[in-house]
Amino acid sequence: MRTISSEQIEQAVYELAKNACLRLTPSCLCALNAAAAAEEKDSAAAFALRTVLQNADTAAKEKMAVCQDTGYAVILAEIGQDVHIKGKLFSDAVNSGVRHAYEDFCFRKSICDPITRVNTADNTPASVHTEIVSGDRITLTFLPKGFGSENMSRLFMLTPAKGVPGIIDSIVETVRLAGSKPCPPVYVGVGIGGTFDTCAFLAKKALTREIGSANPREDIAAIEREALKRINALHIGAQGFGGKTTALGVSCEWAPTHIAGLPVAVNIQCHCVRCEKITLE
């Protein structure tokens, strides 16, 4: 049994929030650079891609938020069953870390009551997803999720007869309807199977994978490849200016589902992919 204090969790979330909001992930930067190199140098798409890369470079150097929408704080926590958390409730420690990071670094506070629209003024509560896993460690993944892209996400309750073609059609149609609104080139997270709610979580979890990684199941990886090919054939392009790259990647996660259903959730992430991870031990 390992004891991890709530103060350790709070400090870890604080550091994750700071780092995630200040910089793009390495795989995102790599994908953006590859996309820029693939475009005609004098095209509008190439200009847009060079601009977002310059913005990311400036944000990292000046320690400023890489996007003004520092998002809904989404935390995915894998908690070992042999961990004892000492001190505050886990959720309270997470929210405290978010609160102090957003205040100290002047990140925009965007969380409000859905009816009155009154802002909570500290970007809490965070969206916290916990999974109990084997071992005596806690792994925390921080994903600041902007809503220009979140608003373009969709959930489909397909019939089983739709099969793989229906899954791919749903992914591509979501991106097509989104157009330039989510600040493409986008990163597409997809959840397949489970229930109405679990497939949405899987889609969010898929966005924490490195861009360009493939699902270990070959049939799922084939869906990722075909969906990406068809999305880029839409030629929406960077910031809607056309070109070869509408999506940087498609990542799918899956779970068993009911014999009568085929849930598919598509969670859109803008070109500003921000995600940080740490393991406490």
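Right above here is the structure, for reference.
Here the structure is a predicted model, which is why all the values come from computation and not from measurement.

**Here's the deal with the side chain of Ser149**
And then number 1: Within the element layout of this structure, Ser149 appears in helix α5 (residues 147-150).
And then number 2: A polar side-chain atom of Ser149 sits 3.0 Å from a polar atom in the side chain of Lys145.

**Some thoughts on the pattern of salt bridges**
And then number 1: Across all of its chains, the model carries 18 salt bridges by this definition.
And then number 2: Where Asp122 meets Arg99, a salt bridge forms, and the shortest distance between an N and an O atom there is 2.8 Å. Taken together, the positions of Asp122 in the loop between α4 (90-104) and β4 (127-133) and Arg99 in helix α4 put the pair 23 residues apart, joining distant regions of the chain.
And then number 3: We classify Asp122 as buried; its relative accessible area is 16%.

**Things to note about the sheet that holds strand β6 (residues 154-158)**
Strand pairing in a sheet relies on backbone hydrogen bonds, with the paired strands running either antiparallel or parallel.
And then number 1: The strand order across the open sheet built from four strands is β6-β9-β7-β8, with neighbouring strands paired in mixed fashion. Across the chains shown, the open sheet's two edge strands, defined by having one partner strand only, are β6 and β8 (247-255). Put simply, the sheet's adjacent strands are angled 15° from each other on average, direction ignored.
And then number 2: Along the sheet face, helix α8 (residues 218-232) touches β7 (186-193) and β8 and points at about 150° away from the line of β8.

**Focus: the pairing of strand β2 (residues 72-80)**
Successive side chains on a regular strand alternate, one facing one side of the sheet and the next facing the other.
And then number 1: Within β2, seven of the nine residues are buried, leaving the element largely enclosed by the surrounding structure.
And then number 2: The sheet contact formed by β2 and strand β5 (residues 138-145) spans eight bridges and is antiparallel. Residue pairing for β5: Tyr72 is matched across the bridge by Lys145.
And then number 3: Where β2 lies against β4, seven bridges are found, and the strand directions are parallel. The residue of β4 that forms the bridge with Glu78 is Glu131.

**Points about the packing of helix α1 (residues 6-22) against α4**
And then number 1: The geometry of α1 relative to α4 is characterised by a closest axis approach of 8 Å and an angle of 40° between their N-to-C directions. Relative to α4, α1 is oriented oblique. As α1 runs across α4, the sense of the crossing is right-handed. Facing α1, whose interface residues are Ser6, Ile9, Glu10, Val13, Tyr14, Ala17 and Cys21, α4 presents Phe90, Ala93, Val94, Ser96, Gly97, Val98, His100, Ala101, Tyr102 and Asp104.
And then number 2: Here the residues of the contact of α1 with α4 are counted per class, giving 11 nonpolar, four polar and two charged.

**Looking at the nonpolar core**
And then number 1: Ranked by size, the top nonpolar core spans 27 residues in total, and within it Ile9, Ile75, Val98, Tyr102, Ile138, Leu140 and Phe142 carry the most contacts.
And then number 2: Within the residue set of this core, elements represented by two or more residues are α1, β2, α4 and β5.
And then number 3: Per-element tally for this core: the top contributor is α1, with nine residues.
And then number 4: Leaving out residues up to four positions away in the same chain, Val98 has contacts with Val13, Ala73, Ile75, Asp122, Asn123, Thr124, Ala126 and Phe142.

**What about the state of the cysteines?**
And then number 1: This model, assessed by the stated rule, comprises zero disulfides.
And then number 2: Here Cys252 is not disulfide-linked; the sulfur of Cys199 is the nearest cysteine sulfur, at 12 Å.
And then number 3: Judged by relative accessible area, Cys252 falls into the buried class, the value being 0%.
And then number 4: Cys272 carries a free sulfur, and the closest cysteine sulfur to it, the one in Cys67, is 4.9 Å from it.

**Describing the packing of aromatic side chains**
And then number 1: Taken as a whole and judged by the stated rule, the model has four aromatic pairs.
And then number 2: With a centroid separation of 6.3 Å and an interplanar angle of 25°, the aromatic rings of Tyr72 and Phe147 are classed as stacked. Taken together, the residues Tyr72 in strand β2 and Phe147 in helix α5 connect sequence positions 75 residues apart.
And then number 3: Residue classification places Phe147 among the partly exposed residues on the basis of a relative accessible area of 36%.
And then number 4: Geometrically, the ring pair formed by Phe105 and Phe107 is stacked, given 5.8 Å between the ring centres and 25° between the ring planes.
And then number 5: With relative accessibility at 3%, the residue Phe107 sits in the buried group.
And then number 6: Taken together, Tyr14, Tyr102, Phe105 and Phe107 form an aromatic cluster joined through their ring pairs.

Calculation rules
Position numbers for residues start from 1 in each chain and track the written sequence from start to end. Where local features are concerned, this predicted model is filtered to residues with pLDDT of at least 70; where side-chain atom pairs are given and counted, the filter is 80 or more; whole-chain, interface and lining totals use all residues. Side-chain calculation: all heavy atoms of the structure are included, whereas hydrogens and water are not. Per the convention used, a helix needs a DSSP run of H or I reaching at least four residues, while a strand needs a run of E reaching at least two, with both numbered from the N terminus. Polar contact criterion, stated in full: a pair of N or O atoms within 3.5 Å, where within protein one must be able to donate a hydrogen and the other to accept it, and residues adjacent in sequence count only if both atoms are side-chain atoms. Salt bridges are counted wherever a side-chain nitrogen of Lys or Arg sits within 4 Å of a carboxyl oxygen of Asp or Glu. Relative accessibility under 20% of the residue-type maximum defines a buried residue, over 50% an exposed one, and the middle range a partly exposed one, all with a 1.4 Å probe and only protein chains included. Following DSSP output, two strands are said to pair if at least two bridges run between them. Axis definition: a line fitted to C-alpha atoms, over the contacting stretch in the case of helices. Angles run 0 to 180 degrees between N-to-C directions. In what follows, residue pairs with any heavy atoms lying within 4.5 Å of each other are defined as contacts. For classification, angles of less than 35 degrees are called roughly parallel, those exceeding 145 degrees roughly antiparallel, those between 65 and 115 degrees roughly perpendicular, and all remaining angles oblique. Crossings are sorted by hand: turned counterclockwise from the far helix by less than a right angle, the near helix makes the crossing left-handed, and turned clockwise it makes it right-handed. Residue classes follow a fixed rule: Ala, Val, Leu, Ile, Met, Phe, Trp, Tyr, Cys and Pro count as nonpolar, while Asp, Glu, Lys and Arg count as charged, and any other residue, Gly among them, counts as polar. Think of a nonpolar core as a cluster: buried Ala, Val, Leu, Ile, Met, Phe, Trp, Tyr and Cys residues, connected wherever their side-chain atoms sit within 4.5 Å. Any pair of cysteine sulfurs within 2.5 Å is marked as a disulfide. Two rings from Phe, Tyr or Trp (for Trp, the six-membered ring) form a pair when their centres are within 6.5 Å of each other. A pair whose planes differ by under 30 degrees is stacked, one over 60 is edge-to-face, and the rest are tilted.

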